[in-house]
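# Summary of structural features
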Amino acid sequence: DTTSLFARDVLPRLLALDLPHAPSQHARTLLSGWDGTMAEDAPQPLLFNAWMQEFARLLAAGDGAAPWWHLAGAALSPTGAALCGGPERCTTLLRQALQSATARLAAAYGPDPAAWRWATAHQAVFAHPLLRHVPLLERWAVLRVPVGGDASTLLRANPGRDFEAVHGAGYRAVYDLAEPDRSRFIVAPGQSGHILLAASRNLAAPWRHGALLT
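So, here is what we can say about the structure in this document. What you are looking at is a predicted structure, and each value in this text was computed from that prediction instead of being measured.

Let us look at the packing of aromatic side chains. As enumerated under the stated definition, the model contains six aromatic pairs in all. Seen in terms of ring centroids, Phe-6 and Phe-48 are 5.8 Å apart; in terms of plane orientation they differ by 65 degrees. Their pairing is edge-to-face. On the criterion of sequence distance, the pair formed by Phe-6 in helix α1 (residues 5-15) and Phe-48 in helix α3 (residues 44-60) is long-range, its members being 42 residues apart. The same class applies to Phe-6 as to Phe-48, namely buried. Taken together, a centroid distance of 5.5 Å and an interplanar angle of 75 degrees make the contact between Trp-68 and Trp-69 edge-to-face. These aromatic residues form a ring-pair network of at least three members: Phe-6, Trp-34 and Phe-48. Over the face of the ring belonging to Trp-140 we find Arg-139, whose NZ or CZ atom lies 4.7 Å from the ring centre.

A few words now on the pattern of salt bridges. Tallied over the entire structure, the rule returns seven salt bridges. Notably, a salt bridge pairs Arg-57 with Glu-54, separated by 2.8 Å at the nearest N-O pair. Residue Arg-57 and its partner Glu-54 are both found in helix α3; the two are separated by three residues, about one turn of the helix. Several salt bridges share partner residues, and in doing so they unite Glu-54, Arg-57, Arg-104 and Arg-161 into one network.

With that settled, consider the side chain of Thr-102. Along the chain, the position of Thr-102 falls in helix α5 (residues 87-109). Within the structure, Thr-102 has its side chain in polar contact with the backbone oxygen of Gln-99 (distance 3.0 Å). Look past the residues within four positions of Thr-102 in its chain and what remains in contact with it is His-21, Pro-23, Ala-27, Leu-47 and Trp-116.

Axis separation between α3 and helix α4 (residues 68-75) bottoms out at 8 Å; the angle between their running directions is 80 degrees. Taken together, the axes of α3 and α4 are roughly perpendicular relative to one another. Between α3, through Asn-49, Met-52, Gln-53, Phe-55, Ala-56, Leu-59 and Ala-60, and α4, the contact on the second element is made entirely by Trp-68, Leu-71, Ala-72 and Ala-75. By residue class, the composition of the contact of α3 with α4 is nine nonpolar, two polar and no charged.

Scanning the entire structure with this criterion turns up one cavity of 30 Å³ or more. Its volume calculated, the largest cavity comes out at about 60 Å³. Along its surface, the largest cavity is lined by Phe-6, Phe-48, Asn-49, Met-52, Trp-68, Trp-69, Asp-150, Ala-151, Ser-152 and Pro-159. Elements with a contribution of two residues or more to the lining of the largest cavity: α3 and α4. Take the lining of the largest cavity: its biggest share by element is three residues, from α3.

Conventions we followed
Residues numbered from 1 in each chain as written. Predicted model: local features only at pLDDT ≥ 70, side-chain atom pairs only at ≥ 80, totals over all residues. Heavy atoms only, no water. Phe/Tyr/Trp six-rings, centres within 6.5 Å; stacked < 30°, edge-to-face > 60°. Helix = DSSP H or I, 4+ residues; strand = E, 2+ residues; numbered from the N terminus. Buried < 20%, exposed > 50% of the residue type's maximum accessible area, 1.4 Å probe, protein only. Lys NZ or Arg CZ within 6 Å of the ring centre and 35° of its normal. Salt bridge = Lys/Arg side-chain N within 4 Å of Asp/Glu carboxyl O. Polar contact = N/O pair within 3.5 Å; in protein donor to acceptor, adjacent residues only side chain to side chain. Contact = heavy atoms within 4.5 Å. Axes fitted to C-alpha atoms, helices over the stretch in contact; angles between N-to-C directions. Parallel < 35°, antiparallel > 145°, perpendicular 65-115°, else oblique. Nonpolar A, V, L, I, M, F, W, Y, C, P; charged D, E, K, R; others polar. 1 Å grid on protein atoms, 1.4 Å probe; cavity = no way out; pocket = protein on both sides within 12 Å on 5 of 7 lines; lining within 4 Å. Points joined across faces, edges and corners; volume = space filled by probe spheres on them.

Set out below in structure tokens:
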């Protein structure tokens, strides 16, 4: 499930902001009507996460004291305005954060927000701890898998500063306690730890799409 209830909760407040900055207005139009699904092939998840990340950075003054998704969520809760210094200050920071986020994304992914895609930036990285640093072996030692979800979805894929998915479940299982043989599993990126074998990454695609094996 890649639906963010956090995004759904705060979007009405974000969409109601008075935004004098033209790129910010374009961004708001893009978010209008979005249902909060952190889908791989959509621009809204990238825009929303960048906005909340910049908002939290302004709140924390760059000290990194708490994960940015926790800080942004707390400040935007019904009783969280004190974290900004008051409701008006929250509004000011949200405007500044969106302006900063749109400029940052435009520099990285082009000037048209409608062409941005969450999967372009949000990828789970499976990397061999040693061989990833060996020249010529990196192409086999590092695998990047585009994924949906974020820090606020059931499909956990916490984005870091550059939106790379830095935390999530590599192993997933559904256990049938009545009939254990019916239990289903998957582990990413593959069945083997030998990077030169196809089996080292043969489960990445089904894992990406939420499939399970018996």
